[in-house]
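Spelled out, the chains give:
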Amino acid sequence: MMDNIRPIRTEEDLTWALAEIEPYFVTPPAPGTPDADRFDVLTDLIESYEDRHHSIQAPDPVEALQFYMEETHKNITELGRVLGSRPRASEVMSRKRRLSLDMIRKIHTAWKIPSDTLIQPYHLDV
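This one's a predicted model, so the numbers in the text were calculated from it and none came from an experiment.

(A) Here's a closer look at the overall build of the protein chain. Secondary structure assignment for the protein chain yields 7 helices and 0 strands. Shown N-terminal to C-terminal, the secondary structure of the protein chain runs as helices and strands in the order α-α-α-α-α-α-α. Here the protein chain has a C-alpha radius of gyration of 22 Å; the compact-globule value for 126 residues is 14 Å, and the former is much larger. When burial is assessed residue by residue, the protein chain has 29% of its 126 residues classed as buried. Of all intrachain contacts in the protein chain linking residues separated by at least 6 positions in sequence, the fraction that spans at least 24 positions is 58%. Total accessible area computed for the protein chain in this model is approximately 8300 Å², and 54% of it derives from carbon and sulfur atoms. Treating the 15 positive side-chain charges of the protein chain as one cloud and the 22 negative ones as another, the clouds have centres 16 Å apart.

(B) Here's a closer look at the pattern of salt bridges. Overall, the coordinates contain 5 salt bridges when judged by the stated rule. Linking Arg6 and Asp13 is a salt bridge whose minimum nitrogen-to-oxygen distance equals 3.7 Å. Judged by relative accessible area, Arg6 falls into the partly exposed class, the value being 34%. Under the relative-accessibility criterion, Asp13 is labelled buried at 16%. Across the salt bridge formed by Lys106 and Asp102, the nearest N and O atoms sit 3.3 Å from each other. Placement of both Lys106 and Asp102 in helix α6 (residues 101-111) is noted, with a separation of 4 residues, approximately one turn of the helix. Given a relative accessible area of 32%, Lys106 falls into the partly exposed group. Using a relative accessible area of 39% as the deciding quantity, one classes Asp102 as partly exposed.

(C) Region of the structure containing the packing of aromatic side chains. Per the counting criterion, the structure on display carries 3 aromatic pairs. On the numbers, 5.6 Å between centres and 80° between planes, the contact of Phe25 with Phe39 is edge-to-face. You can see Phe25 sitting in helix α1 (residues 11-26) and its partner Phe39 sitting in helix α2 (residues 34-53), a full 14 residues away along the chain. Judged by its relative accessible area of 59%, Phe25 is exposed. Ring-pair connections join several aromatic residues into one group, and the members of that group are Tyr24, Phe25 and Phe39. Positioned above the aromatic ring of Trp16, the side-chain terminus of Arg6 is 4.1 Å from the ring centre. Over the ring of Tyr122 we find Arg98, and its NZ or CZ is 5.1 Å from the ring centre.

Rules used throughout
Residues numbered from 1 in each chain as written. Predicted model: local features only at pLDDT ≥ 70, side-chain atom pairs only at ≥ 80, totals over all residues. Heavy atoms only, no water. Helix = DSSP H or I, 4+ residues; strand = E, 2+ residues; numbered from the N terminus. Rg over C-alpha atoms; globule rule 2.2 N^0.38 Å. Buried < 20%, exposed > 50% of the residue type's maximum accessible area, 1.4 Å probe, protein only. Contact = heavy atoms within 4.5 Å. Areas by Shrake-Rupley, 256 points an atom, 1.4 Å probe, with all protein chains shown as cover. Lys, Arg positive; Asp, Glu negative; His and termini not counted. Charge placed at Lys NZ, Arg CZ, Asp CG, Glu CD. Salt bridge = Lys/Arg side-chain N within 4 Å of Asp/Glu carboxyl O. Phe/Tyr/Trp six-rings, centres within 6.5 Å; stacked < 30°, edge-to-face > 60°. Lys NZ or Arg CZ within 6 Å of the ring centre and 35° of its normal.

Below you can see the structure in the form of structure tokens.
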């Protein structure tokens, strides 16, 4: 079963690997079986190739806040309530002020946005 596994070096190889792994999502292999081993190897190969060639950068904290606010229909006033002042929220969103650890804690507690997303480095427009 493992004899037709091959490295993924091209987009065509990726297409092949994705087609090979697709049936396992429909019918998951039983743990400890050759099919389960094949699934694990294909998953690792696909992940490695995609990390090298199709990596997705995490959004910076301001982008993450913008996305969250759009998705939850929140506005700058609501962010201001979380941070303690609307002007401070406006400064953060316009990249004039960095998020402090206290602000990150408040946002995480109020909106459940992961702290590590808000700690990422980002540029200011000053």
